[in-house]
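Tertiary structure, described
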Amino acid sequence: MATFLYTLGRLSFRRRHVVALIWVVLLTLAGAGAAGAPAAGNSSFSIPGTEAQKAFDLLEQRFPGTSADGATARVVFKAPSGEKMTDPGNRATVQDTVKELSVGSEVVRVTDPYRAKAVSEDGTIAYAQVSYKVSGMELDDAAKDALKDSAHDARKAGLTVEIGGDALQAVPHTGSSEIIGIAVAAVVLVITFGSLVTAGLPLLTALIGVGIGVFAITGLASALDLGTTTSTLAMMIGLAVGIDYALFIVSRYRAELAEGREREEAAGRAVGTAGSAVVFAGLTVVIALVGLSVVNIPMLTKMGIAAAGTVAIAVLIALTMIPALLGYAGRKVRPMGEKGKRLGRAKKQDKPAKPNLGTRWASFVVRRPLAVLLLGVIGLGAAAVPATSLELGLPDDGSQPVSTTQRRAYDLLSEGFGPGFNGPLMVVVDAKDSADPKAVFAETRDEIKGLKDVVTVTPAQPNKAGDTATITVIPGSKPSSVTTEDLVHGIRDAGAGIKTDTDANVLVTGSTAMNIDVSEKLDDALVPYLVLVVGLAFLLLIVVFRSILVPLKAALGFLLSVMAALGAVVAVFQWGWLSDLMGVEQTGPVMSMMPIFMVGVVFGLAMDYEVFLVTRMREAYVHGEKPAQAVVTGFRHGARVVTAAAVIMMAVFAGFIGSSESMVKMIGFGLAIAVFFDAFVVRMAVVPAVLALLGRTAWWLPRWLDRALPNVDVEGEGLRTAPGDDDGDRELVRV
């Protein structure tokens, strides 16, 4: 592989005009496709095969035209202080609003609060429910505007009016913090390279790669039902890895220049060595992201594949466009250490150079490996303690910022009707195979009324055929609570008994039940996903490092990182630690997909640093250095660059903490803290400590396996005999 990438690097350097033109054309085409495509919607959390989805499908069959999975809006009214919603003036305003809401081709029905008894006991709050034919992501902008206009008219009459439900979706925004993250990355690159031109190369290529990826996602969003979160996460991950991959190749290029190689040769060798690490690091990320498809949740699968595509683009750009841009930059990209010479800080020939910080740290670790290992493991273990209290759920309007109308509507409904009113459960009773459907409906209602945490159970509403009915259940607790989850399971357990006695199927659905089913699906899939992804990456790393213990150590270190990161997420988003600093307005259960998403993404990113750092150690080891010295050599060449890469990745991820969408905010924080734990504790402390303790054993591989494995030559051993390698053949760099 090193030889192939070496050739690719030299070719890209030499044919830089063609390479640059190809990427610019791709960016232009992707941008044109995105500009002409419909806007992305918000992906549904529905899962084929779950009970909630089966109930939705049954409603479509037995209640045709009701649009069971269509969007809904709750327009909530509150009377001015000292007045009631039943006062004649307020009543007239509400009824006028109901008439306005009924206009529109996508509206199925609108309930009158006074006829539907949707007025609170104290008479201060009422609501009208609007049902639409299509889902929230398909709802026309004109219908949303009409909804907002009707509320505005009622506000002018003196009422407090807010709109909840999924008909209006808050548009997520990341704010200025995302720009700050990129700015931090730029500063780190300038400090690392000491040159604006050199620092600009990774940023430019990363932005081009992310631009192509995000434009492609935007262009396909409508056709493939890709939500807005999909492009946001692809941008987050693609930007971080794009900068990192380019950073490693540019750093290796400067090191090759410092050894006296001609620029085209240096570009080829940088791509052949660091580029090999980029390929395998990218493969681990892609495996982890594409592996999300095994969870069998369409939204998560699409997010993973879209992000993986952006990572693949980042790898290709790093391998081709970086050497092309290095060709354009010419002498403006100087050899490593050249800045110090130009500033008069070069050391005298007879005075040894002072070891850099990476060398000094690695030397300290190999002298005291056991103490460093214990300190790192105990520290990560302490950070992981909050994860033992992890509670999972999916965000609802109660997790929205208080500035949104959805959140204010949620709070008004809780105030007037109780917290459970925001998460009604729909029970579907299929009595087609029962002898007496009406008796089954009554029995089901009575069974549900006897369960804990039930506030209201409506009479059964049968279809025209009389063989299927719906029953609405109002819990006493908020939708995301454990008590409501227990109620859903209680209704399903009662339904199992009813089926035994009457052959009727009792199904629980609604957004709350769907969220519970999604959470359980994710929880059940976590272990199989972990085994699949870690197993595949473990095999890949055996090929890369030609070792058994090094990949095993990498996987165990990753588990430490992800558990510590989950502990931090629980502490902030569930317990409320530092919530004001992070902009967390509402604590509650951790998003259900967070553990499995963090496992996928963090594993891929953790292997980035493992590959970049440890391949330099293995390169030194196979070239004859002792194991302990190889660790020090790896840090001398790679510690500064890995540190810069980690800081950049943390800055990019942390930029998304400013998002108004709770899911993006939580993922941004979780990934940023996970990178911190993995890069600075696991890879910088635990890894060298373990390798120092293992010595030569770390690189042990059974002979039969050594013969069976393909030689991918990540260390670039095949390049040692390439033209221009011998000292006598090297051309001095002309600057």
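Being a predicted model, the structure only gives us computed values, none of them experimental. (Residues numbered from 1 in each chain as written. Predicted model: local features only at pLDDT ≥ 70, side-chain atom pairs only at ≥ 80, totals over all residues. Heavy atoms only, no water.)

Looking now at the packing of helix α20 (residues 594–622) against helix α21 (residues 627–654). Between α20 and α21, the shortest axis-to-axis distance is 7 Å and the interhelical angle comes to 160°. When the axes of α20 and α21 are compared, the pair comes out roughly antiparallel. You can see that α20 and α21 cross each other, and the crossing is right-handed. Taken together, the residues that form the contact of α20 with α21 break down as 17 nonpolar, four polar and two charged. (Axes fitted to C-alpha atoms, helices over the stretch in contact; angles between N-to-C directions. Helix = DSSP H or I, 4+ residues; strand = E, 2+ residues; numbered from the N terminus. Parallel < 35°, antiparallel > 145°, perpendicular 65-115°, else oblique. Left-handed = near helix turned anticlockwise from the far one by under 90°. Nonpolar A, V, L, I, M, F, W, Y, C, P; charged D, E, K, R; others polar.)

Here helix α2 (residues 16–35) contains 20 residues, and its C-alpha end-to-end distance of 28 Å stays within 8% of the 28 Å for a straight helix at 1.5 Å per residue. Of the positions making up α2, those classed as buried are V19, A20, W23, A30 and A34. Burial along α2 is one-sided: seen end-on, the buried residues are contained in an arc of 100°. Across from the buried face of α2, at angles greater than 90 degrees, the exposed residues are H17, L21, L29, A32 and A35. (Expected span 1.5 Å × (residues − 1). Buried < 20%, exposed > 50% of the residue type's maximum accessible area, 1.4 Å probe, protein only. Arc of directions from axis to C-beta.)

What follows covers empty space enclosed by the protein. All told, the structure shown has two cavities of 30 Å³ or more when counted by the stated rule. Size it by volume and the largest cavity reaches roughly 60 Å³. Looking at the largest cavity, the residues that line it are T205, A206, G209, V210, G238, G242, A246, T310, A314, I317 and A318. Elements with a contribution of two residues or more to the lining of the largest cavity: α7 (196–224), α8 (228–258) and α10 (298–329). Residue classes in the lining of the largest cavity are distributed as six nonpolar, five polar and no charged. The volume enclosed by the second largest cavity comes to roughly 40 Å³. Together, M617, P627, A630, V631, L691, G695, A698 and W699 line the second largest cavity. Per element, the largest residue contribution to the lining of the second largest cavity is three residues, and it comes from α21. (1 Å grid on protein atoms, 1.4 Å probe; cavity = no way out; pocket = protein on both sides within 12 Å on 5 of 7 lines; lining within 4 Å. Points joined across faces, edges and corners; volume = space filled by probe spheres on them.)

Attention shifts here to the packing of aromatic side chains. For any pair of aromatic rings, geometry is given as the distance between the ring centres together with the angle between the planes. Taken as a whole and assessed by the stated rule, the structure comprises nine aromatic pairs. When the centroid spacing of 5.5 Å and the interplanar angle of 90° are considered together, the rings of Y127 and F417 count as edge-to-face. Residue Y127 is found in strand β3 (residues 125–132), and its partner F417 is found in helix α14 (residues 405–417); the two are separated by 290 residues along the sequence. A single burial state applies to Y127 and to F417, both of which are buried. Over the ring of F13 we find R16, and its NZ or CZ is 5.4 Å from the ring centre. The ring of Y114 has R91 sitting right over it, with the charged end atom 4.4 Å from the ring centre. (Phe/Tyr/Trp six-rings, centres within 6.5 Å; stacked < 30°, edge-to-face > 60°. Lys NZ or Arg CZ within 6 Å of the ring centre and 35° of its normal.)

Within the secondary structure, Q406 is located in helix α14. Classification of Q406 by relative accessible area gives buried; the value is 5%.

Taking strand neighbours across the sheet as the criterion, the four strands line up as β2-β3-β1-β4 in an open arrangement whose pairing is antiparallel. Edge positions in the open sheet fall to β2 (107–110) and β4 (160–165), since each of these has one partner strand only. Adjacent strand axes in the sheet meet at a mean angle of 20°, parallel and antiparallel pairs treated alike. Relative to β3, β2 is paired through three bridges, and the arrangement is antiparallel. (Pairing = 2+ DSSP bridges.)

Another aspect to go through is the packing of helix α4 (residues 88–101) against helix α5 (residues 141–156). Axis separation between α4 and α5 bottoms out at 10 Å; the angle between their running directions is 165°. The orientation of α4 with respect to α5, classified from their angle, is roughly antiparallel. Note that α4 runs across α5; the crossing there is right-handed. Contacts from T93, T97, E100 and L101 of α4 reach α5 at L147, S150, D153 and A154. Taken together, the residues of the contact of α4 with α5 sort by class into three nonpolar, three polar and two charged. (Contact = heavy atoms within 4.5 Å.)

Its 29 residues place the ends of α20 40 Å apart at the C-alpha level, agreeing with the 42 Å of an ideal helix rising 1.5 Å per residue. Counting buried residues along α20, 28 of its 29 residues qualify, which places the element largely inside the surrounding structure. One or two steps after α20, the chain reaches G624, where phi turns positive at roughly 110°.

Now for the nonpolar core. Formed by 164 residues in total, the largest nonpolar core has its most connected members in Y245 and F653. Ranked by residue count, the leading element in this core is α20, at 19 residues. Among all residues touching F653, those that are not within four sequence positions of it are M236, I237, A240, L605, G668, L671, A672 and V675. Formed by 26 residues, the second largest nonpolar core is a distinct cluster that contains V98, V107, A128 and I163. (Core = buried A, V, L, I, M, F, W, Y, C linked by side-chain atoms within 4.5 Å.)

Turning our attention to the pattern of salt bridges. Counted under the stated rule, the structure contains 18 salt bridges. A salt bridge links E265 to R10; its shortest N-O distance comes to 3.0 Å. Of this pair, E265 sits in helix α9 (residues 263–290) while R10 is found in helix α1 (residues 2–14), placing the two residues 255 residues apart along the sequence. Given a relative accessible area of 6%, E265 falls into the buried group. With its nearest N and O atoms 2.3 Å apart, the salt bridge here joins K553 to E610. You can see K553 sitting in helix α18 (residues 549–574) and its partner E610 sitting in helix α20, a full 57 residues away along the chain. By the burial criterion, K553 is buried, and E610 matches it. (Salt bridge = Lys/Arg side-chain N within 4 Å of Asp/Glu carboxyl O.)

With that settled, consider the pairing of strand β6 (residues 425–430). Among the six residues that make up β6, five are buried, leaving the element largely enclosed by the rest of the structure. Of the pairings in the sheet, the one linking β6 to strand β9 (residues 468–475) comprises six bridges and is antiparallel in character. Residue V428 lies in a different strand from β9, and its bridge partner there is T470. With five bridges connecting them, β6 and strand β10 (residues 505–509) associate as antiparallel partners. What sits directly across from V429, in β10, is V506.

A contiguous nonpolar surface patch, about 330 Å² in accessible area, is contributed by V294, L532, L536 and L539. Along the chain, the position of L532 falls in helix α17 (residues 511–545). The exposure class of L532 is partly exposed, given its relative accessible area of 34%. (Patch = residues over 30% accessible without salt bridge, like charges linked within 9 Å, V, L, I, M, F, W, Y side chains within 5 Å. Areas by Shrake-Rupley, 256 points an atom, 1.4 Å probe, with all protein chains shown as cover.)

With that settled, consider the confidence of the model for the protein. Taken residue by residue, the protein gives an average pLDDT of 82. The fraction at 70 or more is 89%. Helix α11 (residues 338–342) is the least confidently modelled element of the protein, averaging 49 in pLDDT, while helix α13 (residues 369–384) averages 94, the highest of any element. For the stretch residues 340–350, pLDDT sits under 50, and the model shows five contacts to residues farther than four places along the chain or on other chains. A low-confidence stretch, residues 726–735 stays under pLDDT 50, and its non-local contacts, those more than four residues away or across chains, total 22 contacts. (pLDDT = per-residue confidence, 0-100.)

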